[in-house]
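Summary of structural features
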Amino acid sequence: MQTTAVAHPNIALLKYWGKQDAPGNLPATPSLSITLDSLTTTTTVAEADFDQFRLNGQVVADAKVLRTLASWRRHHPIPPLTITSHNNFPTAAGLASSASGFAALATAVDAHCGLDLTQVERSELARRGSASAARSIHGGFVILRGPDWQAQPLLPEAAWPLQVFVAITAAGPKAVSSTAGMERSRTSSPYFDAWVASAEVDFAAMRQAVCARDFNALADLAEASCLKMHALMLSSHPPLLYWNGVTVECLQVIRALREDGCQVFATVDAGPQVKAVCKLDEAKRVEGALGQVAGVGRILRAGLGPGAALRQGRPRSC
Ligand code: 2P0
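Remember, predicted model here, so these are calculated numbers, not experimental data.

Covered by surrounding structure in strand β5 (residues 52–55) are Phe53 and Leu55 only, the residues Gln52 and Arg54 on the alternate face being uncovered. Where β5 and strand β7 (residues 81–87) come together, four bridges link them in parallel fashion. Within β7, the residue paired with Phe53 across the bridge is Ile83. Examined bridge by bridge, β5 and strand β6 (residues 58–59) share two bridges and lie antiparallel to one another. The residue of β6 that forms the bridge with Leu55 is Gln58. What sits between β5 and β6 in their antiparallel hairpin is a turn of two residues, with Asn56 showing a positive phi close to 50 degrees.

Structure, rendered in structure tokens:
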């Protein structure tokens, strides 16, 4: 008997980068994200004699998955599991595969083991795996902030439809994981305290822009948050530079479109891919412009999507 859950990655418009110096995988700053629709992680769990994790067809010794299962078992009765997970998009390349991965895993384990968690409790379970995963439990616009650090929905996906294009500028996994990079920034960047100190004001402004569906305000705030995070990364020691030349080229193209009145903005996470977010009626123009950039391999297209959900469930089996 097995249970399958599906979750989608999310893109932070207000970025989380850095953790509190405390247990529980607690972010140092609040964040605000959009959950995507067409990118998916599908995860199936089944009881087994020992834990085994298969990702995209390969058995993987993933320390983060094993550590997360151990932390969940301190609070919940979870037997040894075979976990089979598949991403329909590049893994560990700055496309939030750990967000959708741990959201799908938390959802599957909750149902399979009959934990009977609320959506908010499930987001806390997911957060222990990857903080951004807490946000993928919900659809649409989502916030994650203290003091409880359980993600909450802000606006459902249908309330403000937007189009997202992901320009793939390089294949393969990133050189420094987000978890390691964040710790490097916390312990070595002279700007880390300023990043944390300014986060609540930035968060309040972005929440207001989303609630007002003010695209231009959201665009300004999202680009500022993205570039502030990358400045923090660059100021870490050794420096974290997740971009390549094509990343910069895409950013320049989006900037030129914006200056020409196009309602679009760009954001980049811990990897070289560029995400362009635009109004639906700008989609053709944005996709066409990104497609002209030399070095852009593929362009993934997504709308705003739902939170993590079961595909087939068998609650209360443990
Ligand atoms: C975010 N990122 O808010 C930021 C922006 C990447 C850049 O959250 O250590 O996989 O597992 O909590 O959530 C990626 O980091 O890190 C991330 P952990 P996670 O989406």
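Attention now moves to the domain arrangement of the protein chain. Here the domain parsing of the protein chain yields domain 1 (2–156) and domain 2 (163–303). Across the boundary between the two partners, domain 1 contributes 34 residues, which contact 48 residues of domain 2. Buried area between domain 1 and domain 2, summed over both chains or domains, comes out near 3400 Å², and the portion from carbon and sulfur atoms is 71%. Remark: the boundary between domain 1 and domain 2 carries nine residue pairs in polar contact (both at pLDDT 80 or more). Contributions of two or more residues to the side of domain 1 that touches domain 2 are made by β2 (10–14), β3 (31–35), β8 (141–144) and β9 (152–155).

What follows is about the site of the ligand. Not every one of the 19 residues close to the ligand is listed here, only the nearest: Lys19, Lys64, Ser130, Ser132 and Thr179. Arg135 has a polar side-chain atom sitting 2.7 Å from an oxygen atom of the ligand. The protein chains hide 94% of the 470 Å² of surface that the ligand would expose on its own. Among the elements that make up the shell around the ligand, the one with the highest residue count is helix α5 (residues 178–188) (three residues).

A few words now on the sheet that holds strand β12 (residues 274–278). One open sheet accounts for four strands, arranged β11-β12-β10-β13; its pairing is antiparallel. Pairing within the sheet leaves two strands with one partner each, and these edge strands are β11 (264–268) and β13 (298–303). The average undirected angle you get between the axes of adjacent strands in this sheet is 25 degrees. Sheet analysis places strand β10 (residues 163–168) next to β12, joined by five bridges and oriented antiparallel. Of the residues in β12, the one forming a bridge with Phe165 is Ala276. Contacting β10, β11 and β12, helix α8 (residues 245–259) crosses the sheet at an angle of about 160 degrees to β11. On top of the sheet, helix α9 (residues 283–291) reaches β10, β11, β12 and β13; it is set at about 5 degrees to β10, its chief contact.

Conventions and cut-offs
Residues numbered from 1 in each chain as written. Predicted model: local features only at pLDDT ≥ 70, side-chain atom pairs only at ≥ 80, totals over all residues. Heavy atoms only, no water. Buried < 20%, exposed > 50% of the residue type's maximum accessible area, 1.4 Å probe, protein only. Helix = DSSP H or I, 4+ residues; strand = E, 2+ residues; numbered from the N terminus. Pairing = 2+ DSSP bridges. Domains from an automatic or database assignment. Contact = heavy atoms within 4.5 Å. Buried area = accessible area lost by both parts, 1.4 Å probe. Polar contact = N/O pair within 3.5 Å; in protein donor to acceptor, adjacent residues only side chain to side chain. Near = heavy atom within 4 Å. Areas by Shrake-Rupley, 256 points an atom, 1.4 Å probe, with all protein chains shown as cover. Axes fitted to C-alpha atoms, helices over the stretch in contact; angles between N-to-C directions.

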